[in-house]
4 protein chains.
Amino acid sequence: MTTGSVSHRRADTRRNHDRILAVAAESITAGELSFNAIAKQAGVGVGTVYRHFPTQDALVLAVYEREVRHLVEVVPGLLEAHPPELAFRTWATDHLARYMMTKRGLGAALQAASTAAAGDVLADAYRTMLDATSALVEANVRAGVVRADADPETVMRGLGGLLYLDPDGDWHRDAENLADLIWRGMAADGPRSP
Amino acid sequence: MTTGSVSHRRADTRRNHDRILAVAAESITAGELSFNAIAKQAGVGVGTVYRHFPTQDALVLAVYEREVRHLVEVVPGLLEAHPPELAFRTWATDHLARYMMTKRGLGAALQAASTAAAGDVLADAYRTMLDATSALVEANVRAGVVRADADPETVMRGLGGLLYLDPDGDWHRDAENLADLIWRGMAADGPRSP
Amino acid sequence: MTTGSVSHRRADTRRNHDRILAVAAESITAGELSFNAIAKQAGVGVGTVYRHFPTQDALVLAVYEREVRHLVEVVPGLLEAHPPELAFRTWATDHLARYMMTKRGLGAALQAASTAAAGDVLADAYRTMLDATSALVEANVRAGVVRADADPETVMRGLGGLLYLDPDGDWHRDAENLADLIWRGMAADGPRSP
Amino acid sequence: MTTGSVSHRRADTRRNHDRILAVAAESITAGELSFNAIAKQAGVGVGTVYRHFPTQDALVLAVYEREVRHLVEVVPGLLEAHPPELAFRTWATDHLARYMMTKRGLGAALQAASTAAAGDVLADAYRTMLDATSALVEANVRAGVVRADADPETVMRGLGGLLYLDPDGDWHRDAENLADLIWRGMAADGPRSP
DNA sequence: CATGAATGAGTCTTCATTCAT
DNA sequence: AATGAATGAAGACTCATTCAT
């Protein structure tokens, strides 16, 4: 059964791809970006890493895509489970904050990888993040608690400040404060914090 | 005469120090951090760079300090020349925005340099930035246009979002939008954009 | 039916062999000698290349043989179509010159492949070339325009200088000059050496 | 004494340069061209080799220059010590032949190094060789034993056939044969071509 | 027979760091 | 103090070769 064997091999290859990606995510996140180290860590030869990701850029970009995907895929659930305001605040303080605190290394790597060819991936990821933010903002607009002209892009940028949280401090409180500041900034009618 | 040549030597040394720092600022900012390259660029031997900055971290930290100092020293002038709200907005959109857009490379270097020993310098720089932000926020509080309980630390974090401006886009407009969002967030009584 | 499919497979195999050889000739000639690259270029898997040519040396040698065969098989035609002197000059300036100019890369590869095991192939190729040269020289001897004791091996070596033609210069003229120099050297009534 | 120390260091550096060049000549000649291997062989760190020869091309070219220089510097002596004809024959069979037989590897390396930037060095070397050949040919012309219109460039190319001598055979005899063939070709009163 | 993913040894290349002068 | 040549560890990258399917 040719089909059987081939798909079996494909499955193996796919598993390698995923494992490398996972290991790389951890490494890059920790500021370590060495193909040799990643290969060893993933238990494969360097050549295999190169086969799957021909370039550092390719690897970094793939990791970035993966992270953004993870970050974004929780949004619909939050919007179903909570009223819009809580959904926004929860996403910011629980998901975004934790993410940005942990993945700082990725930013640096990403910057180095930002060649011309990376443009598409970067643009896609940006748009994905923006879509998520928009969904949250718009739900709040529809609920009448946020200005109709609140700009999701600006809100997203404001949340970018979560990057500077101090993991050794009371970061959750700090995140709540920032989310609150931004919330007030886009709220329908003046300050109204709890 | 001895004094003369000694002080002459001191002047030379000082000049070396400054030139190295200036060159390093440019290099690091551009994502390039090689002692050999910096030395050549500054027109001195590698050994000289090592004499002035015994480790990479020391150099990065020194550059960081210098940048923060530059960034902060304009604040008093702004507060004298403009009403508080304009001072805040101007600092954010003209100084901070331009700075963050340009010096992204420094962030990466800084992160790598953030060992235990660097703590003090980092803490100092953080406090310096915080003082500047506080001065601006408090002037606005005193003018009655900003809530008395607005937290400068949170505001500073919010402005951190300026890091993500796109130098190739309409970044000034984007910066104004973010400054406005944060301003509304800390304003005394609800939204009131111009 | 079995016979049919078997011979069908044989035809496929043969086609593979030829295509690989052709692709390899181009690659090696261009100084590129990578099994993986050749396989991709030929549209087959690496394994297939290995099946046909178990080692690099085997491949290089096979390519060499092929080139020499091509180079030599025009000689009888030239001798039929032209008087002996012209046949010699034409072969040298039109065939040999063009060949040597183009295939320099092969020489390098060949040298690296010259292990003990390669001896036979090399010797065969040498003899083949020598036979061709001999045929041309002897035709001229029979025509009485070349010394009876002219040594084909030495003549062949002299033509080896065509390797250094400059493809970007007036190489045809240069080739004619060299052919002429050698021709004079073997002509029937030149000066006798001491 | 600053001068003393500096020149001392310079001497050391110079010694390194020479040793690397010598080792590289041997390696390349033997078809081996690895910076790491050369460094180890020369007893220096890889970095040192890179400091002296920033590129493979630079190294190969330097070696080539050195070889050509050695080859050429014997010519004036030969012309003083012997009558022109013998000088020519001796250079060809004793110096050129031995050189070309030994240094085949260099040719291959040279070819790979022939980028645009290498042009000057290559042109210089070519001219140097040509000058040497010209000196020999012209001495013979002046002695009246060689045609006045014998072209040194063509003669040089003819001698290029010495590349194919077989070190395991009677190469000296073969070299004499080739030198003789070329000599006859350029001798004063041979047959004129049609 | 053919395929091509995986492997890993071998090179290349850069750069922080030392140290003799 | 300053210099810059030397060092060599570390990481990038290629490619011959194997082998399960």
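Please read these numbers as outputs of a predicted model, since none were measured by experiment. (Residues numbered from 1 in each chain as written. Chains lettered and ligands numbered in written order. Predicted model: local features only at pLDDT ≥ 70, side-chain atom pairs only at ≥ 80, totals over all residues. Heavy atoms only, no water.)

**Quick word on the overall build of chain A**
Turning to step 1, where the next piece is worked out: Secondary structure assignment for chain A yields ten helices and zero strands.
Turning to step 2, where the next piece is worked out: Reading chain A from its N terminus to its C terminus gives the helix and strand order α-α-α-α-α-α-α-α-α-α.
Turning to step 3, where the next piece is worked out: Projected onto the principal axes, the alpha-carbon positions of chain A cover approximately 65 × 40 × 30 Å.
Turning to step 4, where the next piece is worked out: Counting the 194 residues in chain A, one finds 45% classified as buried.
Turning to step 5, where the next piece is worked out: When the 20 positive and 25 negative side-chain charges of chain A are each reduced to one mean point, those points stand 7 Å apart. (Helix = DSSP H or I, 4+ residues; strand = E, 2+ residues; numbered from the N terminus. Buried < 20%, exposed > 50% of the residue type's maximum accessible area, 1.4 Å probe, protein only. Lys, Arg positive; Asp, Glu negative; His and termini not counted. Charge placed at Lys NZ, Arg CZ, Asp CG, Glu CD.)

**A closer look at the interface of chain B and chain A**
Turning to step 1, where the next piece is worked out: Contacts between the two partners involve 29 residues from chain B, matched on the other side by 29 residues from chain A.
Turning to step 2, where the next piece is worked out: Considering only the surface of chain B that becomes buried against chain A, Arg157, Tyr164 and Leu181 of chain B emerge as the three largest contributors, covering 30% of it.
Turning to step 3, where the next piece is worked out: The interface formed by chain B and chain A contains two salt bridges.
Turning to step 4, where the next piece is worked out: Here Asp174 of chain B and Arg157 of chain A are joined by a salt bridge, their closest N and O atoms 3.4 Å apart. (Contact = heavy atoms within 4.5 Å. Buried area = accessible area lost by both parts, 1.4 Å probe. Salt bridge = Lys/Arg side-chain N within 4 Å of Asp/Glu carboxyl O.)

**Considering the packing of aromatic side chains**
All names here are of chain C.
Turning to step 1, where the next piece is worked out: Scanning the model with the defined rule gives eight aromatic pairs over all chains in all.
Turning to step 2, where the next piece is worked out: Look at Phe35 and Tyr50: their rings are 4.7 Å apart centre to centre, the planes differ by 50°, and that puts the pair in the tilted class. On the criterion of sequence distance, the pair formed by Phe35 in helix H2 (residues 35–42) and Tyr50 in helix H3 (residues 46–52) is long-range, its members being 15 residues apart.
Turning to step 3, where the next piece is worked out: Residue Tyr50 is classed as partly exposed on the basis of its relative accessible area of 45%.
Turning to step 4, where the next piece is worked out: Ring centres of Phe88 and Trp183 lie 5.9 Å apart, and the angle between their planes is 45°; on these two criteria the pair is classed as tilted. In this pair, Phe88 sits in helix H6 (residues 84–102) while Trp183 sits in helix H10 (residues 171–186), placing the two residues 95 residues apart along the sequence. Like Trp183, Phe88 is buried. (Phe/Tyr/Trp six-rings, centres within 6.5 Å; stacked < 30°, edge-to-face > 60°.)

**A short note on helix H2 (residues 35–42) of chain A**
Residues and elements named next belong to chain A.
Turning to step 1, where the next piece is worked out: Within the sequence span of H2, burial applies to Phe35, Ile38, Ala39 and Ala42. For H2, the buried positions fall inside an angular range of 100° around the axis, keeping them on one side. In H2, those exposed residues whose orientation departs by more than 90 degrees from the buried face are Asn36, Lys40 and Gln41. (Arc of directions from axis to C-beta.)

**Some points on the relation of the copies chain D and chain C**
Turning to step 1, where the next piece is worked out: Note on the copies: chain D fits chain C at an RMSD of 0.2 Å, the axial shift is 0.1 Å, and the rotation between them is 180°. On this basis, the relationship between the two copies can be described by a two-fold rotation axis.
Turning to step 2, where the next piece is worked out: Both copies present the same face, since 100% of the interface residues in chain D are matched by interface residues at the equivalent positions in chain C. (Least-squares fit on C-alpha atoms with pLDDT ≥ 70 in both.)

**Overview of the arrangement of the chains**
Turning to step 1, where the next piece is worked out: Where the two pairs of chains in contact are concerned, the greatest contact count is recorded for chains C and D.
Turning to step 2, where the next piece is worked out: In this assembly chain B lies apart from chain C, the nearest approach of their C-alpha atoms being 35 Å.
Turning to step 3, where the next piece is worked out: At the C-alpha level, the nearest point of chain B lies 13 Å from chain D, with no contact between them.

**Some words on the relation of the copies chain B and chain A**
Turning to step 1, where the next piece is worked out: Here chain B sits on chain A after a turn of 180° about the axis and a move of 0.1 Å along it, with an RMSD of 0.2 Å.
Turning to step 2, where the next piece is worked out: A share of 100% of interface residues in chain B that are also interface residues in chain A marks the association as one of identical surfaces.

**Here's the deal with helix H7 (residues 104–113) of chain A**
Side chains three or four residues apart in an α-helix point the same way, a direct result of the helix having 3.6 residues per turn.
Turning to step 1, where the next piece is worked out: Turning to H7 of chain A, its buried residues are Gly105, Leu106, Ala109, Leu110 and Ala113 of chain A. The buried residues of H7 of chain A occupy one face: seen down the axis, they fall within an arc of 135°.

**Some remarks on the interface of chain D and chain C**
Turning to step 1, where the next piece is worked out: In this assembly, 34 residues from chain D lie in contact with 34 residues from chain C.
Turning to step 2, where the next piece is worked out: Interface area, chain D with chain C, both sides summed: about 2800 Å², of which 58% is carbon and sulfur.
Turning to step 3, where the next piece is worked out: Run the count over chain D and chain C and you get two residue pairs in polar contact (both at pLDDT 80 or more).
Turning to step 4, where the next piece is worked out: Residue assignment for the side of chain D that touches chain C shows that the elements contributing at least two residues are helix H6 (84–102), helix H7 (104–113), helix H9 (152–159) and helix H10 (171–186) of chain D.
Turning to step 5, where the next piece is worked out: Residue contributions to the side of chain D that touches chain C peak at nine residues, all from H10 of chain D.
Turning to step 6, where the next piece is worked out: Partitioned by chemical class, the residues of the side of chain D that touches chain C number 13 nonpolar, ten polar and eleven charged. (Polar contact = N/O pair within 3.5 Å; in protein donor to acceptor, adjacent residues only side chain to side chain. Nonpolar A, V, L, I, M, F, W, Y, C, P; charged D, E, K, R; others polar.)

**Some details on the pattern of salt bridges**
Residue and element names in this part refer to chain B.
Turning to step 1, where the next piece is worked out: Under the criterion given, the structure shown has 41 salt bridges over all chains.
Turning to step 2, where the next piece is worked out: The salt bridge involving Asp180 is made with Arg89; its shortest N-O contact spans 3.1 Å. Separated by 91 residues along the polypeptide, Asp180 in helix H10 (residues 171–186) and Arg89 in helix H6 (residues 84–102) bring together distant segments of the chain. We note that Asp180, like Arg89, is buried.

**A word on the domain arrangement of chain A**
Residue and element names in this part refer to chain A.
Turning to step 1, where the next piece is worked out: Here chain A is partitioned into domain 1 (1–54) and domain 2 (55–194).
Turning to step 2, where the next piece is worked out: The interface is formed by eleven residues belonging to domain 1 together with 14 residues belonging to domain 2.
Turning to step 3, where the next piece is worked out: Taken over both partners, the interface formed by domain 1 and domain 2 buries close to 1200 Å², and the fraction arising from carbon and sulfur atoms is 75%.
Turning to step 4, where the next piece is worked out: If you list the elements that add at least two residues to the side of domain 1 that touches domain 2, you get helix H1 (2–29) and H2.
Turning to step 5, where the next piece is worked out: A total of six residues in the side of domain 1 that touches domain 2 trace back to one element, the largest contributor, which is H1. (Domains from an automatic or database assignment.)

**A closer look at the environment of Trp171 of chain A**
Residues and elements named next belong to chain A.
Turning to step 1, where the next piece is worked out: Position of Trp171 among the secondary structure elements: in helix H10 (residues 171–186).
Turning to step 2, where the next piece is worked out: Residue Trp171 is classed as buried on the basis of its relative accessible area, which comes to 16%.
Turning to step 3, where the next piece is worked out: Trp171 sits 73 residues away from Arg98 along the chain, and the two C-alpha atoms are 8.9 Å apart.
Turning to step 4, where the next piece is worked out: What Trp171 contacts, discounting residues up to four positions off in sequence, is Thr93, Ala97, Arg98, Met101, Leu165 and Asp166.

**Looking at the side chain of Asn140 of chain A**
All names here are of chain A.
Turning to step 1, where the next piece is worked out: Checked against the element boundaries, Asn140 lands in helix H8 (residues 119–142).
Turning to step 2, where the next piece is worked out: Since its relative accessible area comes to 0%, Asn140 is described here as buried.
Turning to step 3, where the next piece is worked out: Once you skip the residues sitting within four places of it in the chain, Asn140 turns out to touch Pro84, Glu85, Phe88, Val145, Val146 and Trp183.

**Points about the packing of H7 of chain A against helix H7 (residues 104–113) of chain B**
Turning to step 1, where the next piece is worked out: H7 of chain B packs onto H7 of chain A with a crossing angle of 135° between their chain directions and a minimal axis gap of 10 Å. Taken together, the axes of H7 of chain A and H7 of chain B are oblique relative to one another. Regarding H7 of chain A and H7 of chain B, the two cross each other, and that crossing is left-handed. Two secondary-structure elements touch here, H7 of chain A through Arg104, Gly105, Ala108 and Gln111 of chain A and H7 of chain B through Arg104, Gly105, Ala108 and Gln111 of chain B. (Axes fitted to C-alpha atoms, helices over the stretch in contact; angles between N-to-C directions. Parallel < 35°, antiparallel > 145°, perpendicular 65-115°, else oblique. Left-handed = near helix turned anticlockwise from the far one by under 90°.)

**Some details on the side chain of Arg157 of chain C**
Turning to step 1, where the next piece is worked out: Note on placement: Arg157 of chain C falls in helix H9 (residues 152–159).
Turning to step 2, where the next piece is worked out: Among the polar contacts made by the side chain of Arg157 of chain C, one reaches the side chain of Asp174 of chain D at a distance of 3.4 Å.
Turning to step 3, where the next piece is worked out: For Arg157 of chain C, the contacting residues outside a window of four places in its chain are Tyr126 of chain C together with Gly161, Tyr164, Leu165, Asp174 and Leu178 of chain D.

**Observations regarding the packing of helix H4 (residues 56–72) of chain C against H6 of chain C**
Residues and elements named next belong to chain C.
Turning to step 1, where the next piece is worked out: Here H4 crosses H6 at 165°, and the two axes come no closer than 11 Å. Classified by the interaxial angle, the pair formed by H4 and H6 is roughly antiparallel. Crossing handedness for the pair H4 and H6: right-handed. When H4 is examined against H6, the residues Tyr64, Glu67 and Leu71 are found in contact with a partner set consisting of Trp91, His95, Leu96 and Tyr99.
Turning to step 2, where the next piece is worked out: Partitioning the contact of H4 with H6 into residue classes produces five nonpolar, one polar and one charged.

**Things to note about the environment of Val60 of chain A**
All names here are of chain A.
Turning to step 1, where the next piece is worked out: Among the structural elements, Val60 can be located in helix H4 (residues 56–72).
Turning to step 2, where the next piece is worked out: The spatial distance from the C-alpha of Val60 to the C-alpha of Leu110 is 6.4 Å, given a sequence separation of 50 residues.
Turning to step 3, where the next piece is worked out: Contact partners of Val60, with chain neighbours within four places excluded, come to Ile28, Leu33, Leu106, Ala109, Leu110 and Ala113.

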